[in-house]
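Chains, contacts and geometry: an overview
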Amino acid sequence: MSTYYSEDHEWITVEGDIATIGITAHAAEQLGEVVFVEQKEADDEFEKGDEIGVIESVKAASEIYAPVDGTIVEANELLEGNPAALNDSPEADAWIYKVKMSDTSQVDDLMSEADYKSFIG
């Protein structure tokens, strides 16, 4: 399984045409204490770059942008009752969506882990 990163601080892992999307530990750290996550519903379709949710913290609200085109298969219900899970486990249990990608080649436009680490400096 490969992991890719966007300039909007999302990570994406891919298995076949299903992608799991979340925010990076760096993004969670920058946000501070997360108090609410607004998520789209299963079967919602979107294009790369579309806003697909909002994360609210005690500091600010931050949009979640789609790193690829697709359709939401599942939204992580853990975040509804426990938005702070994004602070505890942003790159594991606190994924945000599972998505069926329309075009799997779009991951080629994203960064590797090494590139992302350079990007955030």
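Coordinates for the structure precede this section.
So, a few notes on the structure that sits alongside this text. The structure displayed is predicted, hence computed values, not measured ones. Residue positions are counted from 1 within each chain, in the order its sequence is given. At least 70 in pLDDT is required for a residue's local features to be given in this predicted model, at least 80 for side-chain atom pairs to be given and counted, and no such filter applies to totals for whole chains, interfaces and linings, which use all residues. For the side-chain quantities, the full set of heavy atoms in the structure was used; hydrogens and water were omitted.

**Notes on the overall build of the chain**
The secondary structure content of the chain amounts to four helices and nine strands. A run of H or I in DSSP counts as a helix once it spans at least four residues, and a run of E counts as a strand once it spans at least two, with each numbered from the N terminus. In sequence order, the secondary structure elements of the chain are arranged as β-β-β-α-β-β-β-β-β-α-α-β-α. When we talk radius of gyration, it's over C-alpha atoms, and the globule rule is simply 2.2 Å times the number of residues to the 0.38. A compact globule built from 121 residues would reach a C-alpha radius of gyration of about 14 Å, and the chain, at 13 Å, matches this within 12%. Taken over the C-alpha atoms alone, the chain extends approximately 35 × 35 × 20 Å along its principal axes. When burial is assessed residue by residue, the chain has 43% of its 121 residues classed as buried. By sequence separation, contacts in the chain at least 24 residues apart represent 58% of the contacts at least 6 residues apart. Each residue gets one of three labels from its accessible area relative to the maximum for its type: buried under 20%, exposed over 50%, partly exposed in between, using a 1.4 Å probe on protein chains only. Contacts between residues were defined by any pair of non-hydrogen atoms, one from each residue, lying within 4.5 Å.

**Details of the sheet that holds strand β5 (residues 45-46)**
Strands qualify as paired when DSSP identifies two bridges or more between them. With respect to topology, six strands assemble into an open sheet ordered β1-β2-β3-β9-β8-β5, the strand pairing being antiparallel. Whereas interior strands pair on both sides, the edge strands pair on one side only; in this sheet they are β1 (2-5) and β5. Here five bridges tie strand β8 (residues 70-75) to strand β9 (residues 97-101), and the two strands are oriented antiparallel to one another. Residue pairing across strands places I72 opposite V99, the latter belonging to β9.

**Observations concerning the sheet that holds strand β4 (residues 34-39)**
Within the open sheet, the three strands sit side by side as β4-β6-β7. Their pairing is antiparallel. Each edge of the open sheet carries a strand with a single partner, namely β4 and β7 (61-65). Strand-to-strand twist in this sheet, taken as the mean axis angle between neighbours without regard to direction, amounts to 20 degrees. Sheet topology places strand β6 (residues 51-57) next to β7; five bridges connect them, and they run antiparallel. By the bridge assignment, E51 is partnered in β7 with Y65. All axes are obtained by fitting lines to C-alpha atoms, using only the stretch in contact for helices, and the reported angles, taken between N-to-C directions, cover 0 to 180 degrees.

**Comments concerning the side chain of Q39**
Relative to the elements of secondary structure, Q39 occurs in strand β4. Within the local environment of Q39, its side chain forms a polar contact with the backbone oxygen of N76, the two atoms lying 3.5 Å apart. The definition of a polar contact used here is a pair of N or O atoms within 3.5 Å, where within protein one atom must be able to donate a hydrogen and the other to accept one, and adjacent residues in sequence count solely through side-chain atom pairs. Looking at Q39, its side chain comes within polar contact range of the main-chain oxygen of I96, at 3.1 Å. Dropping the residues within four chain positions of it, Q39 is found in contact with A75, N76, L79, I96 and Y97.

**Details of the layout of surface pockets**
A cavity here means a set of 1 Å grid points, computed over protein atoms only, where a 1.4 Å probe fits but cannot escape. A pocket is an open set with protein on both sides within 12 Å along at least 5 of 7 lines, and lining residues have an atom within 4 Å of a point. Grid points are joined across faces, edges and corners, and a volume is the space filled by probe spheres set on the points. Looking at the largest pocket, its volume works out to about 210 Å³. Lining the largest pocket are F36, V37, E38, Q39, K40, E41, A42, A75, N76, E77, L79 and E80. Sorting elements by how many residues they give to the lining of the largest pocket places β4 first, with four residues. We call Asp, Glu, Lys and Arg charged. Ala, Val, Leu, Ile, Met, Phe, Trp, Tyr, Cys and Pro are nonpolar, and the rest, Gly among them, are polar. For the lining of the largest pocket, the per-class residue count stands at five nonpolar, two polar and five charged.

**Here we look at unusual backbone geometry**
Working note: non-glycine residues mostly have negative phi, and peptide bonds are mostly trans. Of note in this structure, H9 is not a glycine but carries a positive phi near 70 degrees. Take H9: it is sitting in the loop between β1 and β2 (10-15).

**A word on a nonpolar patch on the surface**
On the surface, V35, F36 and V58 cluster together to form a nonpolar patch covering roughly 270 Å² of accessible area. Assignment of secondary structure puts V35 in strand β4. Residue classification places V35 among the partly exposed residues on the basis of a relative accessible area of 41%. Nonpolar side chains (Val, Leu, Ile, Met, Phe, Trp, Tyr) are joined into patches within 5 Å and like charges within 9 Å, using only residues with over 30% relative accessible area and no salt bridge. Here the open area of atoms and residues is found with the Shrake-Rupley method and a 1.4 Å probe, where only the protein chains shown may cover a residue. By definition, a salt bridge exists where a carboxyl oxygen of Asp or Glu is found within 4 Å of a side-chain nitrogen of Lys or Arg.

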